[in-house]
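Survey of secondary and tertiary structure
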Amino acid sequence: MQLREIRAEPRFYGHVLFRYGMALGLVVIALSLSLLLHPYVSDAFIVFFLAAVMIVGWFGRTGPGLFSVAISTLAVDYFFIVPRHAFVMEVEGIPYFFSFLLSAGCASLLASTRKQAEDKQRVHFDKLFEQSPEAIMLVDARDRVQRVNEEFSRIFGYTSNEIVDGVSLSFIVPPYLHDEALASRTRLSLGESVSMETVRMRKDGSVVQVSEIAVPVAIGGERMSYYYIFRDITENKRAAEALQRAHAELVHLSRVTTVGELVTSIAHEVNQPIAAVVTNGNAASRWLAQHPPNLDEARDALENIVRDATRAGDVIGRIRTMVQKGTAHMEPLDCNEVIRSVLNLLDAEIRRGEVRVSTDLGKLPSVIGDRVQLQQVMLNLIINAIDAMSAANRHANILSILSSSDEGFVRVQVHDTGIGITTELASRIFNPFFTTKPDGIGMGLTISRSIIESHGGRLWAVPNETGSVLSFTLPVAGESDEAN
Amino acid sequence: MKRTEPLVFVIDDDQSVRTAVKSLIRSVGLEVESFASGPEFLQYARPDVPSCLVLDVRLPGISGLDFQKELARQGIHLPVIFITAHGDIPMSVRAMKAGAVEFLTKPFRDQDLLDAIQTSLNRDRERRRQESEISELKVRFETLTTRERELLALVISGKPNKQIADVIGTSEVTVKVHRANLTRKMRAESLADLVRMAGRLNIAPKA
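Residues numbered from 1 in each chain as written. Chains lettered and ligands numbered in written order. Predicted model: local features only at pLDDT ≥ 70, side-chain atom pairs only at ≥ 80, totals over all residues. Heavy atoms only, no water.

**What about the sheet that holds strand β9 (residues 397–406) of chain A?**
All names here are of chain A.
- Reading across from one edge, β7-β9-β10-β12-β11 is the order of the five strands in this open sheet, with mixed pairing throughout. The open sheet has two free edges, formed respectively by β7 (355–361) and β11 (458–462), since each of these has just one partner strand. Averaged over all pairs of adjacent strands, the angle between strand axes in this sheet comes to 15°, irrespective of strand direction.
- The pairing of β11 with strand β12 (residues 469–475) spans five bridges and is classified as antiparallel. Bridging across to β12, Arg458 finds its partner in Thr473. (Pairing = 2+ DSSP bridges. Helix = DSSP H or I, 4+ residues; strand = E, 2+ residues; numbered from the N terminus. Axes fitted to C-alpha atoms, helices over the stretch in contact; angles between N-to-C directions.)

This is the structure in structure tokens:
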């Protein structure tokens, strides 16, 4: 933040001539009053002059203060110390004269130093208030803005003149957050501090993410003022959101590439023997078509077919073993916890899809399963739901997730308000490489179903034109043990 | 006895595919030699017969596409047919630009491969015929005298004998004799034939 030159002296000191003039004026007034009262109360002048030098010291500072002491002393000597009306004095008048001088000097100096200390503190506080890197707003008990600092003007766009004396609620709180702001005000009025992250409105109507700390300050015991301290956290929020989005994308991407790599590798490994089978088959028919048929060559080709087809089968078997046993780590799990973790993971995608999530998660017995695999199933179902809803382009995108348990099974249902599934589609969506998405691979539901089935459960879709319903069941831990 | 039967070469690192492709090609009566890698093929002493190469794109060490370039660099002008497990369009475009006859994705239709082999062998026969014709012409050209060679450039420009005689400073009769010798030595049947031969030998007509 740029340091701004702050006034070194508060403005009420005024010009130096004014201050000396004030000194002179007050002494003259004191003299007049003293002369007026002198016939009745002989030493009343002391009170008047001391009051004058104190006032000058307080308001005019040291220089004018001492000036007033000097002219007061001269006036006292001239008018009141015998012999009167002369600047000379008798011996008995000397202590009198000096005690006046001393007390006037002390009073003036005390007043001016005290005042200066107070002013210094005030300047210090002003500097602190103005130059604080946090936006600060001071409001009174009726929510009238008393003072705001530079950072406040920078964030909210209001200059001090525009907002002071206005009601803060109507200036910076968006209408839909009035209730929240009033609730916070109630707590403040009870003497509590309130700290929250919320949204505030700028002068131009745009909104700003802020962290707001409100502190009640009692002045004079009863009258409350409130200090509001704001920090603009739009950038932090944005960074946090970007981070979360990047994370979700990474998860999504790694899921897609893992499947993609798997598919490519299966394709290559299986394609070679299949190509050999096809070619051998063709060769065999050609050997047999010769006149006379070359039976030896045909037999060789057929034997090669058997060998190559067996090899293709072996490759598939090896991959299945790897997928099924190689990575599964079975442990007792709470399905609701799996659901929540995935919803949390997909928070950014859910918000980007403008999806409202409603969950109805019943109390569930634990199931035995691989956390990562079951998370992958939930991830697939929820991403499919979000995609289906963005494809449907309806007004309200509602994703509801229900979990319940009955008869030894835990059941999870994922409803969406997307494009829905026709009866014809319902029978095909679990087929490998079947996809309705432009960039889909068509393996998500296939893999999900094989995961659920390897856990002893079922995954199915209910045909529905107004949004799809996908459900799966998993056996409850104890029950599956008995079944085994 | 010198071999004249065409010979097909197959390079694929997958033994099953190699065996199958060999069997298929032999079933139509063609001779086949197969290799597991490029270097293995290069070490083989190729007989001087019409040939073509069936080449797998994915080879250990060097890719089929790079091997195709290597062959061209070594002056081995074999027609190449690519076979690949998963070919993409840019890859096939690259191969075809470098002169491949065909780009087949496994598993391919047997007839496609056999047709491509037939096309390749025909192309190689034609290339061999042209090469041998040129070397024959070169032999004939070597038998010409300096004067006859000079005359050849003038004759194929279509100038009448009289003009040719003026250019080389001799009589029209002498030109006639030289011209008869030249035509006989080159075994040309007509002026058109002579012009074609000169074209093959890269001899430019002289104005």
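**Structural notes on the nonpolar core**
Residues and elements named next belong to chain A.
- Counting 43 residues, the largest nonpolar core has Met378, Ile382, Leu399 and Phe472 as its most contacted members.
- Looking at this core, the elements that each hand over two or more residues are α11 (335–345), α13 (371–392), β9, β10 (409–415), α14 (423–426), α15 (444–454), β11 and β12.
- For this core, the leading source of residues is α13, giving ten residues.
- Among residues more than four places away in sequence, those in contact with Leu399 are Leu343, Val355, Arg356, Val357, Ser358, Ile382, Ala385, Met389, Val414 and His415. (Core = buried A, V, L, I, M, F, W, Y, C linked by side-chain atoms within 4.5 Å. Buried < 20%, exposed > 50% of the residue type's maximum accessible area, 1.4 Å probe, protein only. Contact = heavy atoms within 4.5 Å.)

**Here's the deal with the interface of chain A and chain B**
- Each partner contributes residues to the interface: chain A has 20 residues there, and chain B has 21 residues.
- Roughly 1800 Å² of surface becomes buried between chain A and chain B when both sides are summed, with 49% attributable to carbon and sulfur atoms.
- Where chain A packs against chain B, one counts three salt bridges.
- Across the salt bridge formed by Arg26 of chain B and Glu297 of chain A, the nearest N and O atoms sit 2.3 Å from each other.
- On inspection of chain A and its partner chain B, the count reaches eleven residue pairs in polar contact (both at pLDDT 80 or more).
- Among the secondary structure elements, those contributing two or more residues to the side of chain A that touches chain B are α9 (234–289) and α10 (295–325) of chain A.
- Residue composition of the side of chain A that touches chain B, by class: seven nonpolar, eight polar and five charged. (Buried area = accessible area lost by both parts, 1.4 Å probe. Salt bridge = Lys/Arg side-chain N within 4 Å of Asp/Glu carboxyl O. Polar contact = N/O pair within 3.5 Å; in protein donor to acceptor, adjacent residues only side chain to side chain. Nonpolar A, V, L, I, M, F, W, Y, C, P; charged D, E, K, R; others polar.)

**Notes on the sheet that holds strand β5 (residues 102–105) of chain B**
Residue and element names in this part refer to chain B.
- Reading across from one edge, β2-β1-β3-β4-β5 is the order of the five strands in this open sheet, with parallel pairing throughout. At either end of the open sheet lies a strand with only one pairing partner, and these are β2 (31–35) and β5. For this sheet the average axis-to-axis angle between neighbouring strands, irrespective of direction, equals 20°.
- Both strand β1 (residues 7–11) and strand β3 (residues 51–56) contribute to a ladder of five bridges, which runs parallel. By the bridge assignment for β3, Ile11 is matched with Leu55.

**Re helix α3 (residues 64–73) of chain B**
Residue and element names in this part refer to chain B.
- Every buried residue of α3 is accounted for by Gly64, Leu65, Phe67, Gln68 and Leu71. Along the axis of α3, the buried positions cluster into a sector of 160°, meaning they face one direction only. Exposed residues pointing more than 90 degrees away from the buried face of α3 are listed as Lys69 and Arg73.
- Buried-residue contacts for α3 involve β1, α2 (38–43), β3, β4 (80–84) and α4 (89–97). (Arc of directions from axis to C-beta.)

**Quick look at the packing of helix α5 (residues 110–142) of chain B against helix α9 (residues 191–200) of chain B**
All names here are of chain B.
- Packing of α5 against α9 leaves a shortest axis separation of 10 Å and a crossing angle of 105°. One element, α5, and the other, α9, form an angle in the roughly perpendicular class. Together, Glu133, Ile134, Leu137 and Arg140 of α5 and Arg196, Met197 and Arg200 of α9 make up the contact between the two elements.
- Taken together, the residues of the contact of α5 with α9 sort by class into three nonpolar, no polar and four charged. (Parallel < 35°, antiparallel > 145°, perpendicular 65-115°, else oblique.)

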